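A structural walkthrough
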Amino acid sequence: MRTTELVDGFRHSAPYVNVHRGKTFVVMLGGEALLHNQFRSILNDVALLHSLGIKVVLVYGARPQIDAALHDANIEPSYHNGVRITDEDSLKVIKQVAGAVQFDITARLSMSLGNTPMQNAQINLVSGNFVIAQPLGIDDGVDFCLTGKVRRIDTQGLERQLNNNCIVLMGPMAVSVTGECFNLTAEEVATKVAIKLKADKIIGFSSTHGILDQAGEVIAELMPNGAQTIWDEMNQAGQACVGTMAFLKASIDACRNGVPRCHLVSYLEDGTLLQELFSREGIGTQIVTESAERLRRANIGDIGGVLDLIRPLEEQGILVRRSREQLEMEIEQFMLIERDSLVIGCAALYPFEEDNAGEFACLVVHPDYRDADRGSVLLNNIIGQARVRGYSRLFALTTRSIHWFLEHGFNIVEVDALPNVKKQLYNFQRKSKILALDL
């Protein structure tokens, strides 16, 4: 990697480091991910999240490991409605597998060898009886025996450990108030813990980069209802990965109960967790309670974000330079498109009340987001505002985007068509084209 690429990578990730610091993430590692050779890299990246000030609860599953161990013990797995039935013999095997996986993870996160990502990490890893289980019970006459579900979570205990700068490690086993052990699904544990902790994210891993559409492309964002439709289709087809379906169902439940975002990324490639969390577009699928993007009016706290967006165009001479003081006075005229707390687009409506007109100005969309017609979204919003104010005309000045304005219904006009105040300020050296839209 060239030095400039390294520096650019740091700079682009810095806003996300600031956004994520102090947040609570529940990371769910299914058994399939633990078997893959990227397992160590994923744990290194989890350790990196912790070092960046993110509170991490790591929940592991062991479905394929349990199936293999039961096979070796000549125990035939039993299921009802897709849920494992756990008898006493099975539970003995499951406890051994879960304990072994827990120690493997603990050992990896306890490394501190030089010349490795874990050097000087000094991670405190905590496990405990944070989940109290109860029997799943009997369904359609089928007794699930020692298969359980979450009854209660020690939220205060979890928060105490997270606030003490510990990673909390949890698995698919929990005890009951009567002292019995129960086999749970990692997806349920992760979901219930995230809901109770009011976590900011759940992150899971699958064999693909996320949920794929019919063309095999990653679906970047889903609302819970859309995710439910996809889950129903997968369930009906019966061909989807069990782990992916389980995480998708868990994400739907989590979002509907207040967890803002759930991410699904691949465990097959190195660094997908970091790419998803610290890049603008991410790499996997997000199931979200509301869109990652929103259109809103700017306020004084957005000055820095707007300046970062418009400065490159000002330096190229495409936009007229605005001082910070000028922008502070005009900020309430701006509309923003915000994504992950970052300003990726802006436009302003300047009023000329005496002439019953408004100026559409300072339209900027970040270069990485110019393929989704966000400029049109901002323009339509400004047009709506102008109509509400009763303006008869909207005008704009541009040196580069003439055809874009013509495509959106504007016509080229002469300087005399400008409002009187604006006419006096027109820069004849700049020779901006003047376009107008009758409202």
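Thresholds, definitions, all that
Residues numbered from 1 in each chain as written. Predicted model: local features only at pLDDT ≥ 70, side-chain atom pairs only at ≥ 80, totals over all residues. Heavy atoms only, no water. Helix = DSSP H or I, 4+ residues; strand = E, 2+ residues; numbered from the N terminus. Buried < 20%, exposed > 50% of the residue type's maximum accessible area, 1.4 Å probe, protein only. Contact = heavy atoms within 4.5 Å. Lys, Arg positive; Asp, Glu negative; His and termini not counted. Charge placed at Lys NZ, Arg CZ, Asp CG, Glu CD. Salt bridge = Lys/Arg side-chain N within 4 Å of Asp/Glu carboxyl O. Pairing = 2+ DSSP bridges. Axes fitted to C-alpha atoms, helices over the stretch in contact; angles between N-to-C directions. Polar contact = N/O pair within 3.5 Å; in protein donor to acceptor, adjacent residues only side chain to side chain. Expected span 1.5 Å × (residues − 1). pLDDT = per-residue confidence, 0-100.

**Here's the deal with the overall build of the chain**
Helix and strand counts for the chain come out as 15 helices and 23 strands. Overall, the C-alpha framework of the chain stretches about 90 × 55 × 40 Å when taken along its three principal axes. When each of the 439 residues of the chain is scored for burial, the buried share is 47%. Long-range pairs, those at least 24 residues apart, make up 71% of the contacts in the chain between residues at least 6 apart in sequence. The averaged location of the 53 negative side-chain charges in the chain is 6 Å from the averaged location of its 42 positive side-chain charges.

**Here's the deal with the pattern of salt bridges**
In the structure shown here, the tally under the stated rule is 11 salt bridges. Where Arg294 meets Glu338, a salt bridge forms, and the shortest distance between an N and an O atom there is 2.9 Å. Taken together, the positions of Arg294 in strand β17 (residues 293-297) and Glu338 in strand β18 (residues 334-339) put the pair 44 residues apart, joining distant regions of the chain. Of the residues examined, Arg294 reaches a relative accessible area of 46% and is grouped as partly exposed. With its nearest N and O atoms 3.9 Å apart, the salt bridge here joins Glu314 to Arg321. Judged by relative accessible area, Glu314 falls into the buried class, the value being 7%. Each member of the salt-bridge network shares a partner with another, and the members are Arg294, Arg296, Asp302 and Glu338.

**Focus on the pairing of strand β20 (residues 357-365)**
When you tally the buried positions in β20, you get 8 out of 9 residues, the bulk of the element. As judged from the 7 bridges shared by strand β19 (residues 342-352) and β20, these two strands associate in the antiparallel manner. Of the residues in β20, the one forming a bridge with Gly345 is Val365. The turn linking β19 back onto β20 is made up of 4 residues, and Asn356 within it adopts a positive phi angle of 55°. With 3 bridges joining them, β20 and strand β21 (residues 393-398) adopt parallel strand pairing. Bridged to Gly358 within β21 is Leu394.

**Quick notes on the sheet that holds β20**
Reading across the sheet, the 7 strands line up as β17-β18-β19-β20-β21-β23-β22 and stay open at both edges, with mixed pairing between neighbours. Two strands bound the open sheet, and with one partner strand each, they are β17 and β22 (411-413). Shown here is a sheet whose adjacent strand axes are inclined to one another by a mean of 30°, direction ignored. The sheet contacts of helix α11 (residues 303-315) involve β18, β19 and β20, and relative to β19 the element is tilted by about 85°.

**A look at the side chain of Arg84**
Inspection of the secondary structure puts Arg84 in strand β4 (residues 83-85). A polar contact is formed between the side chain of Arg84 and the side chain of Tyr79, at a distance of 3.4 Å. Apart from the residues lying within four places of it in its own chain, the contact partners of Arg84 are Arg63, Ile66, Asp67, Leu70, Pro77, Ser78, Tyr79, Ile94, Phe144, Thr147 and Asn183.

**Topic: the sheet that holds strand β5 (residues 124-126)**
Strand order in the open sheet made by the 8 strands is β5-β10-β2-β1-β13-β15-β16-β14, with mixed pairing throughout. Pairing within the sheet leaves two strands with one partner each, and these edge strands are β5 and β14 (221-222). In this sheet, strand β16 (residues 285-288) lies alongside strand β15 (residues 261-266) in antiparallel orientation, the contact comprising 4 bridges. If you follow Cys262 over to β16, its bridge partner there is Ile287. Sitting on the sheet, helix α9 (residues 242-256) is in contact with β1 (24-29), β13 (201-206), β15 and β16, with an inclination near 165° to β15.

**Section: unusual backbone geometry**
Of note in the backbone geometry, Asp140 takes a positive phi value of approximately 55° without being a glycine. Residue position: Asp140 is located in the loop between β7 (138-139) and β8 (142-143). We note that Asn356 has phi near 55°; this positive angle belongs to a residue other than glycine. The topology assignment puts Asn356 in the loop between β19 and β20. Residue class for Asn356 comes out partly exposed when judged on its relative accessible area of 30%.

**Here's the deal with helix α3 (residues 39-51)**
Its 13 residues give α3 an end-to-end C-alpha distance of 19 Å, which sits within 8% of 18 Å, the value for a rise of 1.5 Å per residue. Among the residues of α3, Phe39, Ile42, Leu43, Asn44, Asp45, Val46, Ala47, Leu49 and His50 are the ones counted as buried. Of the residues one or two after α3, Gly53 is the one with positive phi, at around 90°.

**Quick look at the confidence of the model for the chain**
Overall, the prediction assigns the chain a mean pLDDT of 88, with 94% of residues at 70 or greater. The least confident element of the chain, judged by mean pLDDT, is helix α1 (residues 3-20) at 77; the most confident is strand β2 (residues 55-60) at 96.

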